[in-house]
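For reference, the chains in residue letters:
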Amino acid sequence: MKRSACLIFNPVAGQGDPEQDLATIKALLEPEIDLDIQLTTEDVGADALAIAAVERGVDAIIASGGDGTLSAAAAALVGTTIPFGIISRGTANAFANALDIPDTIDAACRTILGGVTKTVDAAYCNGYPMVLLAGIGFEAEAVELADREAKNRFGMFAYVLAGFQALRQMQTFDAEIETEDKIIKVSAAAITVANAAPATSVLAQGPSGVIVDDGLLDITLVSPANKAGAIAATYHLLQTALSGDAVDRSDIGYIRARRVKITTEPEQKVVLDGELIGTTPIDVECVPGGLTLFFPLVEEVVPTEKLEGLPNLVVQLKDTPDGEDGFGDRETN
Ligand SMILES: Nc1ncnc2c1ncn2[C@@H]1O[C@H](COP(=O)(O)OP(=O)(O)OP(=O)(O)O)[C@@H](O)[C@H]1O
């Protein structure tokens, strides 16, 4: 029987040609999947369309658009077992990158056609579903500054520009961070609670690699003494994100927790998966295995041996009976 899925498509996302993108997606998927195509509008977003699709009891949901569309659709699926396909066509493609899903239309469609699924963690932040991260302070300021018009003009560069602008306006705040086993009081300029994060979410990169299926949230605290320190800390986080090493600066800290409550003085803006949702305090709780994704088939890497080319090489294969390790009897004391 042919598979079926609801495809939620944002017809204005990204810098490409949406009509052509939709034609490509249909050509790739429709031979194997019956698609119920739902276009987002200014008034009816991916969240409403995904909630309605869940209520209709669809077999799978595929979302195609920028990070806003993908996050909104994913949010509706947190806590369900409906497989979610991601076809990223945005400016930053942070959502796909954070979850290790290919970000070209062709590879994303092949991932969905492959039919392999994997569960990852999700979370709730102040009752809102969260798949990637909640940012307090710096990140929230940067998201607010990277507006639609700037993104259209500058693409990815808009986020970098907004980051520098936010850095210029950087202010520290006092924070109290409560996890299941401790209460931490600290001054910070940015606190990021991540379930999953792309390397470009620099401020989430305290832990060497945010782990998306460990049942824990990764919390990074950045507390630079001044603006020069903020730039150095940000650069260090970018480097560690790219190299996969843990951070090593006294003004950056990180912890992992299943649940975290954060209050700040003064109140700080909070951005959740790219959208401003309000201000602190926040209460974030991990939902282990809360989201099911179509995931690329990962071929098992068999470590290869190599001997060819060594001088005077002779390799003799032993005739070892089943169940024996080939070393004969071993002397024991
Ligand atoms: N048919 C439509 N007409 C106008 N706006 C739309 C329509 N459909 C969705 N939108 C708007 O698109 C925005 C979401 O865009 P989305 O995040 O998918 O793409 P993007 O902004 O190009 O990507 P990125 O966030 O990666 O930059 C929402 O603000 C939503 O209101």
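Residues numbered from 1 in each chain as written. Predicted model: local features only at pLDDT ≥ 70, side-chain atom pairs only at ≥ 80, totals over all residues.

**Q** How do you make sense of unusual backbone geometry when you look at a structure like this?
**A** Both trends apply: most residues other than glycine have a negative phi, and most peptide bonds are in trans. The linkage connecting E265 with the following residue, P266, adopts the cis geometry, with an omega of 0 degrees. In this structure, the amide linkage connecting T280 to the following residue, P281, adopts the cis form with an omega of 10 degrees. As for its position among the elements, P281 is in the loop between β15 (275-279) and β16 (282-294). A positive phi angle is found at D273, which is not glycine, with a value near 45 degrees. Note on placement: D273 falls in the loop between β14 (269-272) and β15. (Helix = DSSP H or I, 4+ residues; strand = E, 2+ residues; numbered from the N terminus.)

**Q** Looking at this structure, how should I read helix α9 (residues 227-243)?
**A** Because each turn of an α-helix spans 3.6 residues, side chains separated by three or four positions in sequence point in the same direction. Over its 17 residues, α9 extends 24 Å from the first C-alpha to the last, a length consistent with the 24 Å expected when each residue adds 1.5 Å. What α9 keeps buried is the set A230, A233, T234, L237, T240 and A241. Angular distribution of buried residues about the axis of α9 spans 130 degrees; they occupy a single face of the element. Exposed side of α9, more than 90 degrees from the buried face: A228, Y235, L242 and S243 are the residues found there. Backbone geometry just downstream of α9 places G244 in the positive-phi region, at approximately 85 degrees. (Expected span 1.5 Å × (residues − 1). Buried ≥ 20, exposed ≤ 12 C-beta atoms within 10 Å, placed from the backbone. Arc of directions from axis to C-beta.)

**Q** Help me understand the site of the ligand in this model?
**A** The immediate surroundings of the ligand are formed by 18 residues, with G65, G66, G68, G90 and T91 found nearest. The biggest single contributor to the shell around the ligand is helix α3 (residues 67-77), with 3 residues. A breakdown of the residues in the shell around the ligand according to their chemical character gives 4 nonpolar, 11 polar and 3 charged. (Near = placed C-beta within 6 Å. Nonpolar A, V, L, I, M, F, W, Y, C, P; charged D, E, K, R; others polar.)

**Q** Would you mind going over the sheet that holds strand β12 (residues 252-257) with me for this structure?
**A** Within a sheet, each strand pairs with its neighbour through backbone hydrogen bonds, oriented either parallel or antiparallel. In spatial order, the strands read β12-β11-β10-β7-β14-β15; together these 6 strands make up an open sheet with antiparallel pairing. The outermost strands of the open sheet, each flanked by one partner alone, are β12 and β15. Within the sheet, the average angular offset between the axes of one strand and its neighbour, ignoring direction, is 20 degrees. Of the strand pairs in this sheet, strand β11 (residues 217-222) and β12 are connected by 6 bridges, and their pairing is antiparallel. Directly across from L221, in β12, lies its bridge partner G253. (Pairing = 2+ DSSP bridges. Axes fitted to C-alpha atoms, helices over the stretch in contact; angles between N-to-C directions.)

**Q** Looking at this structure, I do not really get helix α1 (residues 18-29). What am I missing?
**A** Given a rise of 1.5 Å per residue, 12 residues ought to cover 16 Å, and the 16 Å separating the end C-alpha atoms of α1 matches this to within 8%. Looking at α1, one finds that the buried residues are D21, I25 and L29. Along the long axis of α1, the arc covered by the buried residues comes to 50 degrees, so they all point the same way. Away from its buried face, by an angle of more than 90 degrees, α1 presents the exposed residues E19, Q20, A23 and A27. Tucked into the core, α1 has its buried residues touching β2 (33-39), β3 (61-65), β4 (84-88) and α5 (105-114). (Contact = placed C-beta atoms within 7 Å.)

**Q** Just to check I follow, could you spell out the packing of α1 against α5 for this structure?
**A** The axes of two packed helices give the description: the angle between them and the distance between them. For the pair α1 and α5, interaxial distance at closest approach is 10 Å and the crossing angle is 30 degrees. If you check the angle between α1 and α5, you find them roughly parallel. Remark: the crossing between α1 and α5 carries right-handed chirality. Facing D21, T24, I25, L28 and L29 of α1, the residues of α5 in contact are I105, D106, C109, I112 and L113. Looking at side-chain class alone, the contact of α1 with α5 contains 7 nonpolar, 1 polar and 2 charged residues. (Parallel < 35°, antiparallel > 145°, perpendicular 65-115°, else oblique. Left-handed = near helix turned anticlockwise from the far one by under 90°.)

**Q** Sorry if this is basic, but what is going on with the domain arrangement of the protein chain here?
**A** Interfaces are often sized by the accessible area lost when the parts come together. Per the domain assignment, the segments making up the protein chain are domain 1 (3-115) and domain 2 (130-288). Contact with domain 1, which involves 15 residues of that partner, is made by 15 residues of domain 2. Taken together, the elements giving at least two residues each to the side of domain 1 that touches domain 2 come down to α3 and α4 (94-98). Broken down by element, the side of domain 1 that touches domain 2 gets its largest block of residues, 5 residues, from α3. Here the residues of the side of domain 1 that touches domain 2 are counted per class, giving 8 nonpolar, 6 polar and 1 charged. (Domains from an automatic or database assignment.)

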